[in-house]
Amino acid sequence: MTVTGVKLQVESSTKLKIQLRVLLIEDNQLDSELILRSLRSNGYEVASVVVQDEAAFTKALRAHNPDVVLADYNLPTWKGMEAVAVMHREGLDVPLILVSGALGDVTAVECIKRGATDYVLKDGLARLPEAIRRALEEKATRQLRLEAERNLARKATELERSNADLEQFAYVASHDLQEPLRMVTAYTQLLAERYQGKLDADADKFIGYASEGAQRMQVLIQDLLAFSRVGRDGVVRREIECNAVMLEVLQTLSSAIQESGAAITAGALPTLWGDRTQLAQIFQNLIGNAIKFRQEKEPLIVAISAEKNDLEWRFKVTDNGIGIAPEHLENIFIVFQRLHARTEYPGNGIGLAICKKIVERAGGKIWVESAVGHGSSFIFTMPLASCGAPEAAQP
Ligand code: ADP
């Protein structure tokens, strides 16, 4: 024997057989044997059970745990396709391949529609091993997809729970910290009033730092509380005249607008369903920021507009201010994220985080388009579904 011959012999004897549990619905013994032989001669190591009626099939299904069901179409007291309903009832996903004598195209298509995976004619059994391989592969893919979907759903639930926990924590922490902090602030103020100028210069400085720190912490905690309260205090949905909301916001900001000499233009804004206070808060934060982050070298122009597409209203607040570097376009929406020292521009970095939370809770999105030195456009969407009846949302 040549070296090559020995090698071939070893390969064929070690070739792995595929274990296959077959549940065969067949009343003809010769056909059963032919079917099983065609599998055994094509690399399958078959364990089989043969049944002819529903009761035996149901019993074997539970006891045998088959990888595949091979069913004859017509039996004396039953029909192979009925097995699909049984498996459905048992909550089992086992591929069923019809192995039948002549089966018209129309019937075959109908069977596939009703849940058969494939069909093979008895005089074309050579196709059976490949049909089984494909059916098992499809089942494996289906199960992987199902598993992935289940994982995703589980993760979404976990995320929801951990978000709720975090919100609860932020709320409780900021709420409960207020009381002791009020005491610290009150007593440092008392210290300042009573002892300022009565001790030495260092003492004055230290008292000053302490009361300044306490006041800053109070503002931060109030901001955090405001952030965690978004949506918590209940959203009051009603018809909002955005033009009227805009007028009120501009009124609130009137001294800052006058001081900055800003030219603010607002296009026709829609009437929509939503929470009026929250919408006003978004406009106020965005316009307030446009005023705060203006350029010294040119007069500030702010334009507010809204347009509707099939899915949503899209609001835009554009300024010609200092702009934002590309690497910060996303993180400015995170709580307490700021790009400048407080001495340069006042603020705590909560405004945009609140806008994002409000918008996302309403099912919308918010983002910014900007370039340093060339102004910014803050865009947020409100889905029509959350705006109420589309016909109610007209400009
Ligand atoms: P704050 O205004 O208190 O700093 P915000 O959350 O409103 O907090 O904004 C976060 C950061 O985003 C700001 O510190 C600023 O750096 C940047 N920013 C926001 N709006 C603008 C704007 N219109 N132009 C330039 N930068 C902006």
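Report on the accompanying structure. Predicted model only: the values in this text are computed from it and were never measured. Each chain has its residues counted from 1, following the order in which its sequence is written. Local features in a predicted model are, by the rule used here, given only for residues with pLDDT of at least 70; side-chain atom pairs are given and counted only at 80 or more, and totals for whole chains, interfaces and linings are based on all residues.

Placing the C-beta atom from the backbone, one calls a residue near a molecule or strand if that atom lies within 6 Å of it. In the vicinity of the ligand, 22 residues are found, and the nearest of them are Asn289, Leu339, Gly347, Gly351 and Leu352. Only DSSP runs of H or I reaching four residues or more are called helices, and only runs of E reaching two or more are called strands; each is numbered from the N terminus. When contributions to the shell around the ligand are tallied by element, the ones reaching two or more residues are helix H10 (276-292) and helix H11 (351-361).

For the rest of this paragraph, the subject is the nonpolar core. Cys242, Ile282, Phe283, Leu286, Val302 and Cys355 are the most contacted members of the largest nonpolar core, which totals 39 residues. To form a nonpolar core, buried Ala, Val, Leu, Ile, Met, Phe, Trp, Tyr and Cys residues must be joined through C-beta atoms within 7 Å. Any residue surrounded by 20 or more other C-beta atoms within 10 Å of its C-beta is treated as buried, while 12 or fewer makes it exposed and the intermediate range makes it partly exposed; C-beta atoms here are placed from the backbone. If you look at the next biggest cluster of nonpolar residues, it comprises 30 residues, including Leu23, Ala83, Met87 and Leu128.

As a further point, take the sheet that holds strand S11 (residues 366-370). Being paired, for any two strands, means DSSP has found at least two bridges between them. Pairing within the open sheet is mixed, and its five strands lie in the order S7-S9-S10-S12-S11. Strands at the two margins of the open sheet, each flanked by one partner only, are strand S7 (263-266) and S11. Ignoring strand direction, the axes of neighbouring strands in this sheet form an average angle of 15 degrees. In the sheet, S11 pairs with strand S12 (residues 376-383) via five bridges, with the strands oriented antiparallel. Its bridge partner lying in S12, Val368 is registered against Phe378. The angle between two axes is taken between their N-to-C directions and runs from 0 to 180 degrees, where each axis is a line fitted to C-alpha atoms and a helix contributes only its stretch in contact.

The next thing to look at is the environment of Gln189. By the element assignment, Gln189 lies in helix H6 (residues 128-195). On the basis of neighbour count, Gln189 is assigned to the partly exposed category, with 15 C-beta atoms found within 10 Å. Note: C-alpha distance between Gln189 and Leu220 (31 residues apart in sequence) is 18 Å.

Attention shifts here to the pairing of strand S10 (residues 312-319). Judged by how many residues are buried, S10 sits mostly within the fold: six of eight residues are covered. Strand direction decides the pairing type here: strand S9 (residues 301-308) and S10, joined by seven bridges, are antiparallel. Bridging across to S10, Ala303 finds its partner in Thr318. Connecting S9 to the next strand, S10, in antiparallel fashion are three residues. In the sheet, S10 pairs with S12 via eight bridges, with the strands oriented antiparallel. Its bridge partner lying in S12, Arg314 is registered against Thr381.

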